[in-house]
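# Breakdown of the fold
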Amino acid sequence: MPLGTYKEAVSARSTDKKILDVSQDGGIVSALLCYALDEGIIEGAVVAGTPDEDWRPIPTVVTSSDEVIAAAGTKYSMSPTLSVLKEATRQYGLEKLGVVATPCQTQGLRKAQAYPFTRFVVDKIKLIVGIYCMENFPMASLDTFATAKLGFDSLQDASKMDIGKGKFWLTKDGEDSGLAIKETHGYEQAGCNICQDYVAEWADVSTGSVGSPDGWSTVLTRTDDGSNIFKAAVSAGLIETKPMDEVKPGLPLLEKLAKGKKDKNTAERERRAKMGVKIPTIY
Amino acid sequence: MLVSNFLIEVTYLKDRVVISPTTRQEGHAELVMEVDDEGIVTKGMYFSITPVRGLEKMVLNKAPETAPVLCQRICGVCPIPHTLASAEAMDMALGIEIPKAGKLLRKAVAAAHGINSAAIHHFLVAPDVVPEDKFATAVDSVSAVRKVVQYVVDMCAGEGIHPSDIRVGGMARNITPATKERLIERMTAFRPQLEEHVEFIKNCVAEAGLPADLGVVNQPLLATDATYGTNEFDMDIFSEVLPEAWYDDPEIGKRGCSVIPLLNGENVETGPRARMEKFAGFKDKGVVAQHVARANEMLKNYDACMEALDAIDPSAPANVSYDKRGTGELGFGVIEGPRGTDVHMAKVVEGKTQFYSAIVPTTWNIPTMGPATEGFHHEFGPHVIRAYDPCLSCATHVMVVDDEDKSILKNEMVRI
Ligand SMILES: Cc1cc2nc3c(=O)[nH]c(=O)nc-3n(C[C@H](O)[C@H](O)[C@H](O)COP(=O)(O)OP(=O)(O)OC[C@H]3O[C@@H](n4cnc5c(N)ncnc54)[C@H](O)[C@@H]3O)c2cc1C
Ligand code: SF4
Ligand SMILES: [Fe+2]
């Protein structure tokens, strides 16, 4: 089961132009958060904004649709998202919280929910939207891609950042520049090379671009809550869907990449274990 | 654990009743009562057997911000006053004027904690004053009260037990407008419940059959403020003596683990009753009066909390940046904690803490509590002690452990 446990897999897209204008893919993350906020399912959410527009992800507590949309789009660097959960549940007083999380962050959250280490924090989380993740980069790596490899004056000149079709893309003045993924190897954070989870297997709903056409997202609903919220947002007309077997490249590609990550990173785990390096447990 | 489940030793010597440790209080102390043929206490001596509060030493030569973080661990029952007193002492030692919103948040937190701590005390004394058939009601009421006020502490100070967000220079963050609204809403809805709790406790105390004059003492009062506390402390009238010099019994003098703080050479009474007498015209004395004052103070703290919450401007800064080097002068943090006046003192030179001292509420009361048992049957001794809600855990136990196998080599410091 390279995709973990899920109820339903569909291709989907937000119907809100305001979201699609700024979202990374089908705007599913933002659409779900906006819906959950409007319906009172959550009172706020922790997302990764970049307030200085310099691509550095800054964990941000949002309590309105406008704030959700302002933080849309992928920043390919590590967002210390979990570090603001406390503030979200304290000074912000949020009792029903949504979180956008990479697979590793999702694991951390589920562990925190399973073990009694945090008091009145993780019990407030009502929705975890997981985003697919193959690897993540320190800010210095992104700077290197922009300046040394793609010839930008500065990373800040990029208006969009994306990974797809085998390349790392930066967009500047409407023009896309691509860097072959193998050129990025060695620049990812080292932990990503032993990470087994591509599709946020422990989230309520997971989403990413792979498997669906451009501008659409592949959605895996996993828990009852996640599935109910997603279905309700579809019924409310905020999200349109297509069956996975009607879209190209479809679920097989997602399965292939998820399995590929597990295989490759299992080999790396074994290599490190042989050197006597301590390896975290797989869940 | 609040309720001590150690074996209690009650020893009857010819003319002495010794209770060790005294129970349903935080930490360990011993009560020695000399009694006459009728069992009436002729001399009461109460002393701490919870030794070595090492925290004042641990903070030395460290950054000033270390003090509130470590010193809040002085106690798990009253961590809020210790954090506040520590932060206030450091603010003064660094010459910081904290912003209004930060001060209001601190006040809201202190008042909410005051209610919480009184409720915990009601749980501890319930077996003494609450009739069997109302016991469950009492426990439920305590839990319900605590839930609301701890929520206020959680939201404003980050954590209900050891608050992470009370900082040198103010508070880590301000609350949001939505949080302010929610806190006021919950506290408003909570008022009738709190009033009911206060009435319930006062009725139980009134009907518990405690002698009217039990525990009456006429010591000078220590109380600096009706609720939060001022940072004023008169060093000129303050002195400390060692237990050897205080207790007539040399054996007790040797075993007593806390110094005896005095004002103008006299031991004092501090706590809710002292505050109510000094600032609210409350005149009654003794055990019953202490219970009544503590219950009434819950409503005073309620008003103080609401007043502070109401006045908070959520858009204002809650902290200031500051110069860490220190003024080199002694700074005082004087907080009116649930059990009385909590005094922390600090001096910072070139960015490092050079002096730190804390005189915690129960330390003030210890020399007063023993004599308060006098004149009544020794059976009432524990009632007198509990009326002060003593908290002796404001200390660190020290043991000598074998480096190799971690076995305990020496634990005579933990004398229970
Ligand atoms: C490091 C990284 C690697 C990824 N790799 C893949 C991949 O290999 N394949 C794939 O299909 N998808 C991948 N994704 C997910 C993809 O890029 C989109 O984020 C996802 O499809 C959601 O798009 P959307 O239009 O639904 O969301 P939007 O509506 O655009 O919202 C995106 C949400 O993600 C949050 N966010 C942005 N950056 C981060 C971050 N660094 N950490 C946590 N949250 C963040 C934003 O705050 C926003 O709430 C990756 C994402 C990240 C962060
Ligand atoms: S690859 Fe794994 S470890 Fe790295 S950021 Fe993504 S989920 Fe986290
Ligand atoms: Fe205490």
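Our subject is the structure that appears above.
Treat the numbers as computed from the prediction; the structure is a model and nothing was measured.

### A few points about the pattern of salt bridges
Inspection of the entire model under this criterion finds 41 salt bridges over all chains. Close ionic contact of Arg182(B) with Glu43(A) constitutes a salt bridge, the shortest N to O distance being 2.6 Å. A residue pair is termed interchain when its members come from two chains, as with Arg182(B) in helix H6 (residues 177-206) and Glu43(A) in the loop between helix H2 (28-38) and strand S2 (44-49). For Arg182(B), a relative accessible area of 21% corresponds to the partly exposed category. Arg272(A) serves as the salt-bridge partner of Glu268(A), at 2.7 Å between the closest nitrogen and oxygen.

### Overview of the pairing of S2(A)
Residues and elements named next belong to chain A. Most of S2 is tucked away: 5 of the 6 residues are buried. Looking at chain direction, S2 and strand S4 (residues 97-101) are connected through 3 bridges and run parallel. Along S4, the bridge assignment pairs Val46 with Val99. Sheet topology note: the S2/strand S3 (residues 58-62) ladder contains 5 bridges and is antiparallel. The residue bridging Ala45 from the neighbouring strand is Val62, located in S3.

### Points about the site of ligand 1
Residue and element names in this part refer to chain A. Taken together, 29 residues lie around ligand 1, and Asp25, Ser30, Thr74, Lys75 and Ser209 are the ones closest in. Separating an oxygen atom of ligand 1 from a backbone N or O atom of Gly27 is a distance of 2.8 Å. Between ligand 1 and Gly73 there is a distance of 2.9 Å, counted from an oxygen atom to a backbone nitrogen or oxygen. Isolated, ligand 1 exposes 910 Å² of accessible area, and the fraction of that covered by the protein chains is 98%. Counting only elements with at least two residues in the shell around ligand 1, the list comes to H2 and S2. For the shell around ligand 1, the element with the most residues is H2, which contributes 3 residues. Across the shell around ligand 1, the residue classes tally to 14 nonpolar, 12 polar and 3 charged.

Criteria and thresholds
Residues numbered from 1 in each chain as written. Chains lettered and ligands numbered in written order. Predicted model: local features only at pLDDT ≥ 70, side-chain atom pairs only at ≥ 80, totals over all residues. Heavy atoms only, no water. Salt bridge = Lys/Arg side-chain N within 4 Å of Asp/Glu carboxyl O. Helix = DSSP H or I, 4+ residues; strand = E, 2+ residues; numbered from the N terminus. Buried < 20%, exposed > 50% of the residue type's maximum accessible area, 1.4 Å probe, protein only. Pairing = 2+ DSSP bridges. Near = heavy atom within 4 Å. Polar contact = N/O pair within 3.5 Å; in protein donor to acceptor, adjacent residues only side chain to side chain. Areas by Shrake-Rupley, 256 points an atom, 1.4 Å probe, with all protein chains shown as cover. Nonpolar A, V, L, I, M, F, W, Y, C, P; charged D, E, K, R; others polar.

So yeah, pure geometry; function would need other evidence.
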